[in-house]
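Listed here are the chains, written in short residue letters.
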Amino acid sequence: METTTVAEKLYKVSVTSKIVTGWVAYAERNDLRVGTQKYEKAQHAFVIGCNTMLGEKGLPPIIQIYIMSGRDIADIKQEAVA
């Protein structure tokens, strides 16, 4: 079983927060509407770019799960507040 240190968990939370905040800001700046094909394509490209920039560490698991299930990653921020 793989063990995760507190520092690794905090890193993943920090990266997740930055990705979600960055996406929400990008979508608002470009007037992208949730549920449109343009929104979905832009989000997919944004996440691929984030994954590329993170390199070997890759995306946090929660981001991967949301993307693979077709959910909006902006929901992560809303669920964290609730």
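Residues numbered from 1 in each chain as written. Predicted model: local features only at pLDDT ≥ 70, side-chain atom pairs only at ≥ 80, totals over all residues. Heavy atoms only, no water.

The computed volume of the largest pocket comes to approximately 170 Å³. Together, V34, G35, Y39, E40, Q43, H44, Y66, I67, G70, R71 and D72 line the largest pocket. Broken down by secondary-structure element, the contributors of at least two residues to the lining of the largest pocket are α2 (37–54) and α3 (61–68). Of all the elements, α2 adds the most residues to the lining of the largest pocket, at four residues. (1 Å grid on protein atoms, 1.4 Å probe; cavity = no way out; pocket = protein on both sides within 12 Å on 5 of 7 lines; lining within 4 Å. Points joined across faces, edges and corners; volume = space filled by probe spheres on them. Helix = DSSP H or I, 4+ residues; strand = E, 2+ residues; numbered from the N terminus.)

Between two packed helices, both the angle of their axes relative to each other and the distance between the axes serve to describe the pair. Closest axis-to-axis distance for the helix α1 (residues 6–29)/α3 pair is 9 Å, and the angle between their directions is 45°. Taken as axis vectors, α1 and α3 run oblique relative to one another. Contacts between α1 and α3 involve K12, T16, I19 and V20 from the first element and P61, I62 and I63 from the second. Tallied by class, residues from the contact of α1 with α3 come to five nonpolar, one polar and one charged. (Axes fitted to C-alpha atoms, helices over the stretch in contact; angles between N-to-C directions. Parallel < 35°, antiparallel > 145°, perpendicular 65-115°, else oblique. Contact = heavy atoms within 4.5 Å. Nonpolar A, V, L, I, M, F, W, Y, C, P; charged D, E, K, R; others polar.)

Here α1 crosses α2 at 145°, and the two axes come no closer than 11 Å. In terms of crossing hand, the pair formed by α1 and α2 is right-handed. Facing Y11, V15, I19, G22, W23, Y26 and A27 of α1, the residues of α2 in contact are Y39, A42, Q43, F46, C50 and L54. Considering only residue class, the contact of α1 with α2 consists of eleven nonpolar, two polar and no charged. (Left-handed = near helix turned anticlockwise from the far one by under 90°.)

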